[in-house]
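# Fold and geometry: a report
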Amino acid sequence: MDASSRNIEPLGPVPASWGRGHDPVALLEVAGVGIVQQDLTGAIIYANAEAERLLGLSRDQMMGRTSTDPRWRAVDERGRDWVGDHPAMVTLKTGLEFDRAILGIHTPDGECRWLNVGTRLVRDAEGQVGSVVASFTDVSETIRGRRAAEETSQQLAAYHRALDEHAMVVITDADGIITEVNDRFCRAIGHPRDRLVGLEETYLIAPPTLLRPYKLPCGPRSTSMRSTSTTSKNAP
């Protein structure tokens, strides 16, 4: 008989020692992770209560649905449409089991829920693969936080580029030592960053290559960011 046509019982045979006399399926029902079992065609043949909650579907609604069903509207970690087989089908086809595969699915109410998916093959007493079990947890908060941090980083980089183009910036530490200067300042002064970093703030570069004392505006010395004018007067 072809393997794809064998009659598959949900979860397969369970050792008698499981659960010490308790129903093992009942244990899965109270597990804190979503669990679904798919047969060799990819159709769901079992789902636990947490899977119902995370996927936003009842067990009856999930039965027979496959990983490739377009209603999942699956996306990758970058929010792009998922390309290729989902983790469970990759495991069925190749035997490669996953411990961590990030997958976004859309629940019926339109929410994109991010899942960390693990997969394991289920074999019968003869060692033949009969199905695959996928377990998953909700990592939506982590993924959204990471994406927000990436967006913030990109915005800061854009601000930095804009600042470089329109202002000269000198950053000093609490002792008044220059710790950073931007490219515009270096171009205006005519000296590279490595010649400026480490100098006291009371120095500016004067053409062509000499260092001259320069008295900066009065005020307490502290770590600061200054936008300097493109013109300045040397102190007497």
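Residues numbered from 1 in each chain as written. Predicted model: local features only at pLDDT ≥ 70, side-chain atom pairs only at ≥ 80, totals over all residues. Heavy atoms only, no water.

### A word on the environment of glutamate 141
Heads up, the rule is: Numbering of helices and strands runs from the N terminus; a helix is a DSSP stretch of H or I covering at least four residues, while a strand is a stretch of E covering at least two. Only protein chains enter the calculation, and the probe is 1.4 Å; a residue is then buried if its accessible area is under 20% of its type maximum, exposed if over 50%, and partly exposed in between.
Along the chain, glutamate 141 falls in helix H5 (residues 140–166). Relative accessible area serves as the criterion here: at 74%, glutamate 141 is assigned to the exposed category. Sequence separation between glutamate 141 and tryptophan 114 is 27 residues, and the spatial gap between their C-alpha atoms is 8.3 Å.

### Some points on the confidence of the model for the protein chain
Selection criterion: A score between 0 and 100, pLDDT records how confident the predictor is in each residue. Contacts were defined at the residue level, with two residues in contact if any of their heavy atoms lie within 4.5 Å.
Per-residue confidence for the protein chain averages 77 on the pLDDT scale, and 75% of its residues sit at or above 70. Low pLDDT, under 50, characterises residues 1–11; the stretch is placed with 20 contacts to residues that sit more than four places away or in other chains. Every residue in residues 205–236 is under pLDDT 50, and counting partners more than four places away or in other chains gives 64 contacts.

### A few points about the nonpolar core
Counted only if it meets this: Residues belong to one nonpolar core when they are buried, are Ala, Val, Leu, Ile, Met, Phe, Trp, Tyr or Cys, and are joined through side-chain atoms within 4.5 Å.
Residues Val36, Leu55, Met62, Trp72, Leu115, Val117 and Phe136 are the most contacted members of the largest nonpolar core, which totals 17 residues. Where this core is concerned, the elements lending two or more residues are strand S2 (44–47), helix H2 (49–55), strand S3 (101–106), strand S4 (112–123) and strand S5 (129–138). Non-local contacts of valine 36, meaning those with residues more than four positions away in its chain, are made with Tyr46, Ala47, Ala51, Leu55, Val132, Val133, Ala134 and Phe136. Val181, Cys186, Ile189 and Leu199 belong to the second largest nonpolar core, which has 9 residues in total.

### A closer look at unusual backbone geometry
Even without being glycine, arginine 73 reaches a positive phi, approximately 45°. Here arginine 73 lies in the loop between helix H3 (59–62) and helix H4 (87–94).

### Notes on the pairing of S4
Applied cut-off: Two strands are said to pair when DSSP picks up at least two bridges between them.
Of all the 12 residues making up S4, 9 are buried; the element is thus mostly covered by neighbouring parts of the structure. Inspection of the sheet shows S3 paired to S4 by 6 bridges, in the antiparallel sense. What sits directly across from glycine 104, in S4, is tryptophan 114. Hairpin connection from S3 to S4: 5 residues lie between these consecutive antiparallel strands, with glycine 110 at a positive phi of about 95°. Here S4 pairs with S5 via 9 bridges, running antiparallel.

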